[in-house]
Structures are given as structure tokens and as C-alpha cells.
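Each chain is listed here by its residues.
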Amino acid sequence: DVKVTQSSRYLVKRTGEKVFLECVQDMDHENMFWYRQDPGLGLRLIYFSYDVKMKEKGDIPEGYSVSREKKERFSLILESASTNQTSMYLCASTIPRGQGPYRNTEAFFGQGTRLTVV
Amino acid sequence: LAKTTQPISMDSYEGQEVNITCSHNNIATNDYITWYQQFPSQGPRFIIQGYKTKVTNEVASLFIPADRKSSTLSLPRVSLSDTAVYYCLVGESSGDKLTFGTGTRLAVRP
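Rules of the game
Residues numbered from 1 in each chain as written. Chains lettered and ligands numbered in written order. Predicted model: local features only at pLDDT ≥ 70, side-chain atom pairs only at ≥ 80, totals over all residues. Heavy atoms only, no water. Helix = DSSP H or I, 4+ residues; strand = E, 2+ residues; numbered from the N terminus. Rg over C-alpha atoms; globule rule 2.2 N^0.38 Å. Buried < 20%, exposed > 50% of the residue type's maximum accessible area, 1.4 Å probe, protein only. Areas by Shrake-Rupley, 256 points an atom, 1.4 Å probe, with all protein chains shown as cover. Lys, Arg positive; Asp, Glu negative; His and termini not counted. Charge placed at Lys NZ, Arg CZ, Asp CG, Glu CD. Polar contact = N/O pair within 3.5 Å; in protein donor to acceptor, adjacent residues only side chain to side chain. Contact = heavy atoms within 4.5 Å. Phe/Tyr/Trp six-rings, centres within 6.5 Å; stacked < 30°, edge-to-face > 60°. Lys NZ or Arg CZ within 6 Å of the ring centre and 35° of its normal. Salt bridge = Lys/Arg side-chain N within 4 Å of Asp/Glu carboxyl O. Pairing = 2+ DSSP bridges. Axes fitted to C-alpha atoms, helices over the stretch in contact; angles between N-to-C directions.

Novice: I'd love a proper account of the overall build of chain A, names of residues and values included.
Specialist: Along its length, chain A carries zero helices and eleven strands. For 118 residues, the compact-globule estimate of 2.2 N^0.38 gives 13 Å, and chain A sits close to it at 14 Å. A total of 118 residues make up chain A; the buried ones form 47% of that total. With the model as given, the accessible surface of chain A reaches about 5,900 Å², and the carbon-plus-sulfur share is 49%. Put simply, chain A has 17 plus and 15 minus side-chain charges, and the middle of one group is 4 Å from the middle of the other.

Dropping the structure here:
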């Protein structure tokens, strides 16, 4: 079974703190993603990574950075946490599926980290 | 990446068949259509994926017309445990960013 593990299920941090959210996958997936999920807004992509030391901005990268030093680990960093970053954070990794003419993917998600910034 | 449009919410009763339709008018030739299911306080999980016509697995069926501008997820005989948010995604070629919308919130009542 593919496993995507996020380091914390619940986290409470103070405004201005530097926050690290860790995500580890055990299936040698190349692509990894970080999302935040807020009521009524669905999942919004923050950053993603195709490979070690590579990163790409998603739709809402402001206030966040990422680190991918090893293939299995993708970290989301809040440089200076603010209350509007209170949210559910979800990590995912993807694997190509099938043998068709076009490559398609399946995503595996972690259980999520509910971050509260006070 | 092709944008998708799906209903915000749907209601159903146990034992009924539920069909959720997703519009993706700008789907590209190399795009697949994928559906994910998300229960409260969990990450989404893959349900089904297809390219054209019909795909069926133990959980659901996916119907894709010839023009591929829409797709319909069909859940046979839903139960209370099917209450979840369902997301339609298009264009997950390897290397693409994985973009979710707001999904369809399905509520199944007794």
C-alpha cells in the first residue's frame, strides 16, 4: 500500500512563528504536492515538485516556501505564520498509471494537518 | 489545464443511483478524466479514471461521450457512507500540476 505520511495531524502555532509541515511518501514517487483546504474553496494548490531540489509555484504560493532535499520528503514552510494561514494542509504524491498513448496519474494523499495560527 | 464545472451539491437517498456530471469543454487530446472522493477530515482518494466511452470498477462507473466535453460519475445504490465531496479532474498527464476545484458535495439521506 502506498503511504503518504504527514508529520502532524493537528498543530497550533503563534503568529510570526516559522512553521514546518513535513510530508513523506514511501513509494519513490517523483511528483509531490502541497494543498490547503478551506470551507467553500476546495483544494488549492500551493506548491509542487517534480524531482529533488525542483519546485514549482501553484495557485497560491504567497507566504509559503517548500523544500525537497530527498525524493521521499517534501516540506512546506510558513516563514512567518499568520492567522489567515489557519487551514487544513494536505500533501499528495502521484504515480503514472496505465500504458496508454498518454500518461495519466493517480494521486495519493496524506491524512492532512489542521494548522491553527493564533 | 482544462477547467471543470460540476454542481456544488447534490442530495440523494439510500439505495438510489447518483449521477454527477462534470463539464470540461476545453479538454485536450491527451487529457484523462479522473474522479476523487473525499470524506470529512481525510485527504481525497482516487475513485476512477477514463479517457473515452465507459469505465467501470467496483466503486463506480464513468461515462464519457464521444466529444469528451463532459463526463458523468455514476454511483450505483448509494449508502450513507457515500456522503462525501467528489472532485472531477482533467489533464493529469505526468508532469502536470494537479488542480482540484470545489467539487460536488453529495449528501445521502436514510
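From this point, things continue past the structure.
Novice: Can you tell me about the side chain of Asp38(A), naming the residues and giving the values?
Specialist: Residue and element names in this part refer to chain A. Relative to the helices and strands, Asp38 is located in strand β4 (residues 31–38). For Asp38, a relative accessible area of 12% corresponds to the buried category. A polar contact is formed between the side chain of Asp38 and the side chain of Arg36, at a distance of 2.9 Å. Polar side-chain contacts of Asp38 include one of 2.8 Å to the side chain of Ser87. Contacts of Asp38, omitting those with residues within four sequence positions, involve Arg44, Thr86 and Ser87.

Novice: Let's hear about the side chain of Ser71(B): which residues, and what values?
Specialist: All names here are of chain B. Tracing the sequence through the fold places Ser71 in strand β7 (residues 70–75). A polar contact of 3.0 Å, which involves the side chain of Ser71, links it to the side chain of His24. Residues in contact with Ser71, not counting those within four places in the same chain, are Ile20, Thr21, Cys22, His24, Ile33, Trp35, Leu62, Phe63, Ile64 and Cys88.

Novice: So, the packing of aromatic side chains: which residues are in play, and what are the values?
Specialist: Evaluated as defined, the whole model comprises eleven aromatic pairs over all chains. Taken together, a centroid distance of 5.8 Å and an interplanar angle of 40 degrees make the contact between Tyr35(A) and Phe109(A) tilted. Taken as a pair, Tyr35(A) in strand β4 and Phe109(A) in strand β10 (residues 104–109) lie far apart in primary sequence, 74 residues in all. An identical accessibility class is assigned to Tyr35(A) and Phe109(A); each is buried. Counting every residue linked through ring pairs, the aromatic cluster contains Phe33(A), Tyr35(A), Phe48(A), Tyr50(A), Phe109(A), Tyr36(B), Phe46(B), Tyr87(B) and Phe100(B). The residue whose ring lies beneath Arg68(B) is Tyr51(B), and the NZ or CZ to ring-centre distance is 4.0 Å.

Novice: Let's hear about the pattern of salt bridges: which residues, and what values?
Specialist: Residue and element names in this part refer to chain A. If you walk through the whole model with that rule in mind, you get seven salt bridges over all chains. As a salt-bridge pair, Glu69 and Lys53 come within 2.4 Å of each other at their nearest N and O atoms. Within this pair, whereas Glu69 is found in strand β7 (residues 64–70), its partner Lys53 is found in the loop between β5 (42–49) and β6 (56–57), the two being separated by 16 residues in sequence. Here Glu69 matches Lys53 in class, with each residue exposed.

Novice: Explain unusual backbone geometry residue by residue, including any values.
Specialist: Residue and element names in this part refer to chain B. Residues other than glycine seldom take positive phi values, yet Ser41 does so here, at roughly 65 degrees. Its place among the elements puts Ser41 in the loop between β3 (33–38) and β4 (45–50). Here Ser41 falls in the partly exposed class, since its relative accessible area comes to 42%. Here Thr53, not a glycine, exhibits a phi torsion of approximately 55 degrees, which is positive.

Novice: Before we move on, can you summarise the environment of Met27(A) with the specific residues and values?
Specialist: By the element assignment, Met27(A) lies in the loop between β3 (19–25) and β4. In this structure the C-alpha to C-alpha distance between Met27(A) and Arg14(A), which are 13 residues apart in sequence, comes to 34 Å.

Novice: Can you lay out the sheet that holds strand β6 (residues 61–64) of chain B for me, pointing to particular residues and giving the numbers?
Specialist: Remark on secondary structure: sheet strands pair via backbone hydrogen bonds, oriented parallel or antiparallel. Residues and elements named next belong to chain B. Taken in spatial order, the four strands of this open sheet run β2-β7-β6-β5, and their pairing is antiparallel. Each end of this open sheet is capped by a strand with a single partner; those strands are β2 (18–23) and β5 (53–56). Direction aside, the axes of adjacent strands within the sheet are offset by 15 degrees on average.

Novice: Pulling in residues and values, what's your account of the pairing of β2(B)?
Specialist: All names here are of chain B. A one-sided burial pattern is seen for β2, the buried positions being Val18, Ile20 and Cys22 and the unburied ones Asn19, Thr21 and Ser23. Of the strand pairs in this sheet, β2 and β7 are connected by six bridges, and their pairing is antiparallel. When the bridges of β7 are listed, Asn19 appears paired with Ser74.

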